Structure formats: C-alpha cells, structure tokens
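Inside the fold
Spelled out from the first residue to the last, the chains are:
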Amino acid sequence: MLVMGNARSSGFSGGGTVVCNTMRANMPAGPSTLRPVSERRATQFQRPMVDFMGTLPPEVALTVLRFLSVEDFHAVRLVCRAWYQLGDSEAAWQHVCKLQWPCLEHRPEMIPSWKQTHKIMRYGAAVANARGITSGVDHFSTFGFVQSTPQGEAELLDNCVLLNKAVVGRRLVENEEVLNLFMRRQKFGDIFLADALRNLFAKAVFPGHSSLSISPVLRKFVHKYVDDNPRLAEQRQHVHVLCYSLILLSVDLYNPHVKCKMSRREFIKNNSFMPFEQDYLIRLYNDIYIWGHIAEPKKQRRLCDALAKCTGGS
C-alpha cells in the first residue's frame, strides 16, 4: 500500500513516503496513544477495591465490629452505605451500649431499640457531667436504668463509662455512703495490689486540693482489698501504708520534674519496717517500673499534692 505525502515533511526525496503494512500493524492503535504517560501509569498500577466486609455473612461481619472501640465503630459507619447499614443494626448498637455500660444485659422495657438506648445514655451522661451526679441519676431512673437510691447512684458511678472521671471522684469524696456502696461493688480477690490500685484510679479522678480527698478513699479501698484477700487480714495497717508508698513511687518514677528517680534499693529500704517479704517488694517496684504508673499522667500532680498534704510534706 502506497501512501503519498509531502517529501519535505517526510524527510525523503522522491516525492513520497512508503509505509509498509507491517509497520502500520506494529504501531499502537486507538486513542490510548494520545493519553499522558502519568495517566497510563496510574491506570496500570490501579488495583480494584474489594469490600471484604461485604463478602462476609452478616453475623460474621458483626463479630468483627465487636472488636472495635466506640470511636472506631462510629468511624467505620461512615465508610460506605453498606457499612453504615451493618453498623445500624440492633446487634451492633447493643454492642456499643455494652461497651459504655458493661453490666447492661437487657435494655429497659420502655425503650424501643438499642439505638435509642444509646442516645438516652449519652444524654444522661452529659446531664450528670454538667449538672451533677444527682441529676444524672434522676434521668437514668426515669428510663429504668437505675433506681433513684444510693445503691443506684453507686451502680451508675461504677458502670457508666461515659461519666467524667473527675465528676465521679468528686461525688465519691462528697458522699461517704455512696463511697461505701461503690467499694462494695469492686472485686479485688487474687489481684496484685498495684493492679487493684490501677483499677480504682481508672474509674475516678479524686480532687487533690486537701488531704480529705484521697485519705478516706484509700482507707475504704484497703478495707475492701483485705476483705477480698483474707491472708492479709493481720497486715491491714501495713497494706494501707504500702498503698501510699506505691502511689508516691509512681509519681516519682513518672513525673518529668523529678530528676533523681527512686531506685529499687531505696524503695525496699523505705518499706523494710513492714512485715512484707523482700521478693514481694521487688515485684511491686518492678511492676510500677515496667508496666506503668498507678494513675494516668494527668492525675499524677493531683495525687502528689494530696499525698504531700496527707503526709505533712511541703
């Protein structure tokens, strides 16, 4: 096949250009040759998106969602419409409600759905955090979550994760009856002393403006801890002192303003007057040193101020 063209543009003399059929066949045809190189590379390395949750049975997908925290659960629901519908099921909302109220086995009869239960819980927690625990108890008792009694108040403080920890701690310090009922609900049997203290301070932030804020709480804690561990019945007073020592050690090791940290030898020497074995004191020190503080870092300053006033320090 002959294709005649301009000799000047073809670069050949003789008045034309001959293109073979084989050359034309080897040339890439179609509009793809006109696309930019970057676009062609993007298309080449593009991978199809696979909705792995959509390939699972609904009950299996819900099981996967149960491993998520509340924040991650709400984020997952925003991925696509299919995930939103999956997260909007009754089973998913029941899981979220149990994360925020672990002992809630059945929703109150007057509430039609678990999603509505979650909304009522969030609103009630906001009322308690803003207006006080008493107002929150009144709200929750209206819908049948708890009774409007000191027992119901202690149940609310112990179970509702949405409550502000500072509000919980302030209420426990203010009301001794609620504090007693709250401590009775705790289970410290066969739990290491450092872990039991962590469990307590994970549920409440106690005010540190006076010695009265933490001393009654630790006294009730020690009473409950010794009752759950009868082998320590004869060492109740020493366990009380050891709790103060562990909190001070936690503040000393994790306070960035303390330059000279307490060594293990110093900790053992400071507590050698008590009838505890040296191996037990070493375990306590290693637990704080390796696994972390008794309270969260933001609580350390309050604990330090409270303990300084309890012990008569500066």
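Now for a description of the structure that goes with this document.

Observations regarding unusual backbone geometry
A positive phi angle is found at Asp 190, which is not glycine, with a value near 55°. The topology assignment puts Asp 190 in the loop between α12 (176-184) and α13 (193-203). Classification of Asp 190 by relative accessible area gives exposed; the value is 72%.

What about empty space enclosed by the protein?
Considering all chains together, one arrives at two cavities of 30 Å³ or more under this definition. Lining the second largest cavity, in full, are Leu 62, Leu 65, Arg 66, Phe 73, Ala 91, Ala 92 and His 95. Mapped by element, the contributors of at least two residues to the lining of the second largest cavity are α4 (58-65) and α7 (90-100). Grouping the amino acids of the lining of the second largest cavity by side-chain chemistry returns five nonpolar, one polar and one charged.

Here's the deal with α7
Of all the positions in α7, only Ala 92, Trp 93, His 95, Val 96, Cys 97 and Gln 100 are classed as buried. Where the residues of α7 are buried, they touch α4, α5 (70-76), α6 (81-87), α8 (114-131) and α10 (150-159).

Some points on the pattern of salt bridges
Charged atoms that come close allow side chains of opposite charge to pair. Per the counting criterion, the structure on display carries ten salt bridges. A salt bridge links Lys 203 to Asp 158, with the nearest nitrogen and oxygen atoms 2.6 Å apart. In this pair, Lys 203 sits in helix α13 while Asp 158 sits in helix α10, placing the two residues 45 residues apart along the sequence. For Lys 203, a relative accessible area of 26% puts it in the partly exposed group. Taking the shortest distance from any N to any O, the salt bridge between Lys 224 and Asp 228 comes out at 3.4 Å. With Lys 224 and Asp 228 both in helix α14 (residues 215-228) and four residues apart, this pair spans about one turn of that helix. Residue Asp 228 is classed as partly exposed on the basis of its relative accessible area of 24%.

Considerations on the environment of Lys 269
With respect to the secondary-structure elements, Lys 269 resides in helix α16 (residues 264-270). According to the relative accessible area criterion, Lys 269 is exposed, its value standing at 65%. Sequence separation between Lys 269 and Leu 281 is twelve residues, and the spatial gap between their C-alpha atoms is 9.8 Å.

Some remarks on the packing of aromatic side chains
Tallied over the full model, the rule gives twelve aromatic pairs. When the ring of Trp 101 is compared with that of Phe 145, the centres are 5.6 Å apart and the planes differ by 35°; the resulting orientation is tilted. In this pair, Trp 101 is assigned in the loop between α7 and α8 and Phe 145 in the loop between α9 (133-142) and α10, connecting sequence segments 44 residues apart. Pair check on accessibility: Trp 101 and Phe 145 agree, each one buried. Pairwise contacts between aromatic rings join Trp 101, Phe 140 and Phe 145 into one cluster.

The rules we used
Residues numbered from 1 in each chain as written. Predicted model: local features only at pLDDT ≥ 70, side-chain atom pairs only at ≥ 80, totals over all residues. Heavy atoms only, no water. Helix = DSSP H or I, 4+ residues; strand = E, 2+ residues; numbered from the N terminus. Buried < 20%, exposed > 50% of the residue type's maximum accessible area, 1.4 Å probe, protein only. 1 Å grid on protein atoms, 1.4 Å probe; cavity = no way out; pocket = protein on both sides within 12 Å on 5 of 7 lines; lining within 4 Å. Points joined across faces, edges and corners; volume = space filled by probe spheres on them. Nonpolar A, V, L, I, M, F, W, Y, C, P; charged D, E, K, R; others polar. Contact = heavy atoms within 4.5 Å. Salt bridge = Lys/Arg side-chain N within 4 Å of Asp/Glu carboxyl O. Phe/Tyr/Trp six-rings, centres within 6.5 Å; stacked < 30°, edge-to-face > 60°.

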